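Chain residues, written in single-letter form:
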Amino acid sequence: MSAIRLAICDDDNTYLKIIRTKIDNFFSLQNLDIEVKEYSSGKELLIACMHYEFSLIFLDIEMPELSGVFTEPYFPKATVLACP
């Protein structure tokens, strides 16, 4: 079984670490194999999506440069959770 690919995108490192910890804890309890990538901007995430396909994306909606509001429509195959 291949790993579930998740992306976390937030310009605040504190929130990245909090979300990452919660994801790691949840999936370890479920005995599921995951691969998590962290990004600090919508632009960085879009570039990464040229190489990776994600099943689930945690996306901050308020980011400089390219906000989650404008990034989300580019991910039709992934489930996107937009977080203020």
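The structure under discussion appears in the preceding block.
Since we're looking at a predicted model, the values are computed, not measured.

K.L.:
Break down the overall build of the protein for me, citing the residues and quoting the values.
P.N.:
If you tally the helices and strands in the protein, you get 3 helices and 4 strands. Starting at the N terminus and ending at the C terminus, the protein contains elements arranged as β-α-β-α-β-α-β. Excluding contacts between residues fewer than 6 apart, the proportion of contacts in the protein whose partners are at least 24 apart in sequence is 54%.

K.L.:
Tell me what's going on with the environment of Ser 55, and back it up with residues and numbers.
P.N.:
With respect to the helices, strands and loops of the structure, Ser 55 is situated in the loop between helix H2 (42-48) and strand S3 (56-60). Given the relative accessible area of 42%, Ser 55 is considered partly exposed. Taking the C-alpha atoms as reference points, Ser 55 and Ala 7, separated by 48 residues in sequence, lie 8.4 Å from one another.

K.L.:
Please set out the pattern of salt bridges residue by residue, giving values where relevant.
P.N.:
As enumerated under the stated definition, the model contains 5 salt bridges in all. With a closest N to O distance of 3.2 Å, Arg 5 and Glu 35 form a salt bridge. Of this pair, Arg 5 sits in strand S1 (residues 4-9) while Glu 35 sits in strand S2 (residues 34-39); the two residues are 30 residues apart in sequence, bridging distant segments of the chain. We classify Glu 35 as partly exposed; its relative accessible area is 25%. One salt bridge in this structure joins Glu 38 and Lys 17, with 3.2 Å as the shortest N-O distance. Taken together, the residues span a long stretch of sequence, with Glu 38 in strand S2 and Lys 17 in helix H1 (residues 13-29) at a distance of 21 residues. By relative accessible area, Glu 38 is classed as partly exposed at 26%. What emerges from the salt-bridge pattern is a single network uniting Lys 17, Arg 20, Asp 24 and Glu 38.

K.L.:
Hey, could you go over the state of the cysteines for me, with residue numbers and the actual values?
P.N.:
A full pass over the atoms with the stated rule returns 0 disulfides. In this structure Cys 9 is a free cysteine whose sulfur lies 9.2 Å from that of Cys 49, the closest cysteine sulfur available. On the accessibility criterion, Cys 49 (25% relative accessible area) is partly exposed.

Each value, and the rule that gives it
Here the residue index of a chain counts from 1 through its sequence in written order. Whole-chain, interface and lining totals are the exception, using all residues; otherwise, since this is a predicted model, local features are given only for residues with pLDDT of at least 70 and side-chain atom pairs are given and counted only at 80 or more. To get the side-chain values, all heavy atoms of the structure are used, and hydrogens and water are removed first. In this description a helix means any DSSP run of H or I spanning at least four residues, a strand means any run of E spanning at least two, and both kinds are numbered starting from the N terminus. In this analysis, two residues are considered to be in contact whenever any of their non-hydrogen atoms come within 4.5 Å of each other. For every residue, the accessible area obtained with a 1.4 Å probe (protein chains only) is divided by the maximum for its type, and the residue is called buried under 20%, exposed over 50%, and partly exposed between those limits. The rule for a salt bridge is simple: a side-chain nitrogen of Lys or Arg has to be within 4 Å of a carboxyl oxygen of Asp or Glu. Disulfide: a pair of cysteine sulfur atoms within 2.5 Å of each other.

Such coordinate-based values are descriptive only and should not be taken to indicate function.
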